[in-house]
Amino acid sequence: MKRLLMLMLLSLGLAAFAAHAQEGPDALIKRVASDVIATLKADKEIQSGNKKKLHDLVDGKIAGNFDFLRMTALAMGRNWSKATPEQQKALAVEFKTLLIRTYSGALSNYQNHVMDFKPLRMQPADTDVTVRTTVTAPGGQPIGIDYSMEKKGEGWKAYDVIVGGVSLVTNYREEFNNAIRDSGVDGLLKTLVAKNKS
Amino acid sequence: MHAAGAARAQVYDPLESVNRVIFNVNDALDRNVVRPIAQGYVDIVPRLVRTGVSNVFGNLGDAFSAINNLLQGKKDPFGSDLSRVLVNSTFGLGGIFDIATEAGLEKYGEDFGQTLGWWGVGNGPYLVLPLLGPSNVRDTGGLVAHALIDPVGEVRPPSAEYGVLGLRVLDARAGLLGTEDLLQGAALDKYTFVRSAYTQRRRSLVYDGKPPKDDDN
């Protein structure tokens, strides 16, 4: 009997694991968003502006769902191939830090926003999709937020966010281009490091 | 490697040196004058009143949006925006209450710049306008067309007209309080960041949120 119970538990666990592994890109965003909003609503310290906790929330629950290496590559465009693998890694780390810092600053305003999902048009074999959502602030007009997502070995990862038609990655492309034109790949890296320390 | 939906990053900006000067002046003016006043407005005036003010200007905006939908031959959006104006101007007591949104009438926010874009007019050079901020030659043309028929321009005496214009600026600016830290935090170079965001945003609006993937605009 005990063994049967064990097996049942084990199979339940496996089923849960399998369900998680097959989680669609829209389901992933839904889960993360509702989790984050629930935390925002429950945590009084975050509401009173505890930056460290906000940062930990973004770093712990959101950042893992993004492919920062790919985001950095896209933002660098043609310059990506000019960077050594070490530089590429370092750039991705700094870009991630910058985005997490910026995003956590904005996040505390979002607890009363309402997120709606548009129907996802996707074939089972697709590995690159755009999840379209609209976010409405209390008393405001809805704004479109789209997530470009790619299926990786470990599940779906976002590689761009498009807010009201403004692509985050594209918006950095010119800035990165200019920094590299003026002072090379190392110059961009130094600029990002300095920015993150400021 | 190409991002899905990523537009060309380069913005045509032959007047960059002049634009940067105006951008910095606007920025200083905002920090020292406009933003503090907008903050005071939010602190002193109750939310209910501020929402009423926003709604009145929004109602006027809907009327312009209706005209521009008509100019672009967009029948259903035209009907929606026109209905919004009719509903809000009457049951919403002159636009103070936005009943139309609660009734589910969608707001389209079309303007003359978008209409020109819809008819194929390109952006032209990027411009930073004194006081008004980021624009381009096409959208500036749109603003001029708007100003020519804006009923606020008919308000008399002129002191009252400036009062209304001032309130409109305050209302718009108050809605953006809090975003300047975000911009400051996100941008390596604020000028470039704003230029790219403005250009992407306007392109998206011209194409009603569905811009083609590769476009030379």
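Residues numbered from 1 in each chain as written. Chains lettered and ligands numbered in written order. Predicted model: local features only at pLDDT ≥ 70, side-chain atom pairs only at ≥ 80, totals over all residues. Heavy atoms only, no water.

## Thoughts on the packing of aromatic side chains
All told, the structure shown has 10 aromatic pairs over all chains when counted by the stated rule. Plain terms: the ring middles of F95 of chain A and Y172 of chain A are 5.0 Å apart, the flat faces sit at 80° to each other, and that makes the pair edge-to-face. With F95 of chain A in helix α6 (residues 85–107) and Y172 of chain A in helix α7 (residues 168–197), the pair connects residues that are 77 residues apart, well separated along the chain. Taken as a pair, F95 of chain A and Y172 of chain A share a single burial class, namely buried. Considering the side-chain rings of Y126 of chain B and Y191 of chain B, the 6.2 Å spacing of their centres and the 80° angle between planes classify their relative orientation as edge-to-face. (Phe/Tyr/Trp six-rings, centres within 6.5 Å; stacked < 30°, edge-to-face > 60°. Helix = DSSP H or I, 4+ residues; strand = E, 2+ residues; numbered from the N terminus. Buried < 20%, exposed > 50% of the residue type's maximum accessible area, 1.4 Å probe, protein only.)

## A look at the side chain of S80 of chain B
Mapped onto the fold, S80 of chain B is located in helix α3 (residues 75–90). Sequence-distant contacts of S80 of chain B, that is, excluding residues within four places in its chain, are made with L105, E106 and Y108 of chain B. (Contact = heavy atoms within 4.5 Å.)

## Looking at the confidence of the model for chain A
Detail in the predicted coordinates should be disregarded across regions flagged by low pLDDT. For chain A, per-residue confidence averages 88 on the pLDDT scale, and 89% of positions sit at 70 or higher. In the model of chain A, helix α1 (residues 2–21) of chain A stands out as the element of lowest mean pLDDT, 59, in contrast to helix α5 (residues 68–76) of chain A, which has the highest, 97. (pLDDT = per-residue confidence, 0-100.)

## Things to note about the sheet that holds strand β4 (residues 155–163) of chain A
Residues and elements named next belong to chain A. Taken together, 5 strands build an open sheet; the order of strands is β1-β2-β3-β4-β5 and the sheet is antiparallel. Each edge of the open sheet carries a strand with a single partner, namely β1 (114–117) and β5 (166–167). Taken together, the 8 bridges between strand β3 (residues 143–152) and β4 define a ladder with antiparallel strand orientation. Bridging from a neighbouring strand, S148 pairs with D160 of β4. Docked against the sheet, helix α2 (residues 25–42) engages β1, β2 (128–136), β3 and β4, running at close to 170° with respect to β1. Packing of α5 onto the sheet brings it into contact with β2, β3 and β4, and relative to β4 it is tilted by some 40°. (Pairing = 2+ DSSP bridges. Axes fitted to C-alpha atoms, helices over the stretch in contact; angles between N-to-C directions.)

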